[in-house]
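So the chains spell out like this:
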Amino acid sequence: MLWPRCSSTSIPNRRVTTLLAVVLEKVIKKRMSLPAQMAIGMALGIVIGVLAPAVGLDASWFKPLGQIFITLIRMVVVPLVFFTLIAGAASVSDVRTLGRVATKTLVYYIFTTALAVFIGLLLANLVQPGVGLSLSTENLTAKQATVPPLVKVLTDIIPLNPVDALAQGRMLQIIFFALLFGFGLSMVGERGATLLKTVDGAAETMIKVTNMVMLYAPIGVCALMAVTVATHGLAVLLPLIKVVAVMYLAALCQILLVYLPCVKFTGLTPSAFFKGMAEPLIIAFTTCSSAAALATNMQSAQKLGATKTVSSFSIPLGNTINMDGSAIYMGVAAIFAAEIYGIPMPIDKQLSVILLAVLASIGCMGVPGAALIMITMVFTQVGIPLEAVALVAGVDRVMDMARTTINVLGDATGALLVTRLEEGKLKPDEANKA
Ligand code: ASP
């Protein structure tokens, strides 16, 4: 009697074992690309996350493995950006070229971020994710983000001590100093040639270091995914599924209506674009930190054809100030919270949400959960109680996965678009030469 049952379970088991063996062989013999390995890591992480509570496995066990990955990829960011930007600025013979690149980049950033909030607001108005939902707001509290005055934001771009800026990883200050240093280096001429070669060499070395670090990515991604799924499973998600769905739908619209037309203009096909972007996108999705995806985002954009001059400037800048995903979220969350509290949102209030969300997203940092703090700025201005933040906090990780992916995608699209505008076409061979 037992025999048939045994055979019916052993055949699928054998199949799974064979599949695992084939995958492992491909990975070991390096026949599988890194993005494919990362995708498998992610899928495996989901399976582990789902099964972990059932078999009594504590998901926090995986946390250190994920943390190692985040620290490794953040470790390379400051030296990579610093050296690449100096080398990039030193190779620009005319300062006006960089001025043009900066202007086009900033116009693109502001325009696409405003569109992002608009899309978020529009979809939230149509779907009305908060209508009919009764969530208790008793005992909920939230801290308000204090917004620094604009003058301070601008004067803070200049570092008092560049070494301190590097040590603290203050990206805008690093960009400012590296640009000046690069220009200075190009003015020195012959006497600066050795230093320029050294900086160039250091930038190339950091690319190799990044590649080394990325070998760990499949394990890191698997661990991060396992923890996320185990701690933010369906039970947490279900009550707020509508608002999460609106966020993902708006993210999809931003890709289809804003990024893909820009990508098409550069001459890339959507499939080539997404294939080239797979690594930074998986990192963004699993770590919820665009700062962690910065190094691979620069590399991927360059491989797709963004020039070093444009990408080494615009991607670190975008990483700090261009947060389209976070902006979408602010629009969606504002409408959601207003519906829960029964606060009317006439058109003038919604227009002010667009303006405020653009500003708040500029101040948003590339770390997990940053938008949840910055959104208090929008809520205060339009009269939504701050406790509303706590209502969406439970599903923030899931929302953040979409936000960060869009944040990273927006920066790469900008670098490709500005390269196309500057050069007339993309330059994929430049990265291959390195
Ligand atoms: N986690 C996002 C990022 O790193 C920021 C946010 O929206 O919270 O880009």
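Residues numbered from 1 in each chain as written. Predicted model: local features only at pLDDT ≥ 70, side-chain atom pairs only at ≥ 80, totals over all residues. Heavy atoms only, no water.

This brings us to the overall build of the protein. Looking only at helices and strands, the protein has 21 helices and zero strands in total. Split into buried and exposed, the 434 residues of the protein put 48% on the buried side. (Helix = DSSP H or I, 4+ residues; strand = E, 2+ residues; numbered from the N terminus. Buried < 20%, exposed > 50% of the residue type's maximum accessible area, 1.4 Å probe, protein only.)

Moving on: the nonpolar core. Counting 132 residues, the largest nonpolar core has Phe273, Tyr329, Met330 and Phe379 as its most contacted members. In this structure, Met330 is in contact with Ala357, Ala360, Ser361, Ala371, Met374, Ile375 and Val378, ignoring residues within four places of it in sequence. (Core = buried A, V, L, I, M, F, W, Y, C linked by side-chain atoms within 4.5 Å. Contact = heavy atoms within 4.5 Å.)

Moving on, we get to the confidence of the model for the protein. Put simply, the protein has an average pLDDT of 87, and 89% of its residues get 70 or more. Averaged pLDDT values over the elements of the protein bottom out at 59 in helix α1 (residues 2-28) and peak at 97 in helix α12 (residues 241-266). Considering only residues more than four positions removed or in separate chains, one finds that residues 1-9, a stretch of pLDDT under 50, has zero contacts. (pLDDT = per-residue confidence, 0-100.)

Right, let's get into α12. Helix length check: α12 (26 residues) gives 36 Å between terminal C-alpha atoms against 38 Å at 1.5 Å per residue, within 8%. Directly after α12, the chain includes Gly267, whose backbone phi takes a positive value near 100°. (Expected span 1.5 Å × (residues − 1).)

Attention now goes to the site of the ligand. Taken together, 16 residues lie around the ligand, and Ser290, Ser326, Ala371, Asp400 and Arg403 are the ones closest in. Arg403 has a polar side-chain atom sitting 2.7 Å from an oxygen atom of the ligand. Thr404 is positioned with one of its side-chain polar atoms (N or O) 3.2 Å from a nitrogen atom of the ligand. Its free accessible area being 270 Å², the ligand has 100% of it covered by the protein chains. At four residues, helix α20 (residues 396-423) tops the list of elements feeding residues into the shell around the ligand. (Near = heavy atom within 4 Å. Polar contact = N/O pair within 3.5 Å; in protein donor to acceptor, adjacent residues only side chain to side chain. Areas by Shrake-Rupley, 256 points an atom, 1.4 Å probe, with all protein chains shown as cover.)

This part takes up the environment of Gly120. Within the secondary structure, Gly120 is located in helix α5 (residues 95-127). You can call Gly120 buried: its relative accessible area is 0%. Apart from residues lying up to four places away in sequence, Gly120 is in contact with Ala250, Ile328, Gly331 and Val332.

Before going further, it helps to spend a moment on the pattern of salt bridges. Applying the stated criterion across every chain yields a total of eight salt bridges. For the salt bridge of Glu422 with Arg100, the shortest nitrogen-to-oxygen distance reads 3.0 Å. One end of the pair, Glu422, is in helix α20; the other, Arg100, is in helix α5, with 322 residues separating them in the sequence. For Glu422, a relative accessible area of 19% puts it in the buried group. (Salt bridge = Lys/Arg side-chain N within 4 Å of Asp/Glu carboxyl O.)

This part covers the environment of Leu195. Its location among the elements puts Leu195 in helix α9 (residues 193-214). By relative accessible area, Leu195 is classed as partly exposed at 39%. Spatially, the C-alpha atoms of Leu195 and Leu185 are 8.1 Å apart, while their sequence positions differ by 10 residues.

Here we take up the packing of helix α4 (residues 77-91) against helix α14 (residues 290-304). Following both chains from N to C, one finds α4 and α14 inclined at 40°, their axes separated by 9 Å at the closest point. In terms of axis orientation, α4 runs oblique to α14. Here α4 runs over α14; the crossing is left-handed. Residue-level inspection shows Val77, Leu80, Val81 and Thr84 of α4 in contact with α14, the latter providing Ala291, Leu294, Ala295 and Met298. Along the lines of polarity and charge, the residues of the contact of α4 with α14 split into seven nonpolar, one polar and no charged. (Axes fitted to C-alpha atoms, helices over the stretch in contact; angles between N-to-C directions. Parallel < 35°, antiparallel > 145°, perpendicular 65-115°, else oblique. Left-handed = near helix turned anticlockwise from the far one by under 90°. Nonpolar A, V, L, I, M, F, W, Y, C, P; charged D, E, K, R; others polar.)

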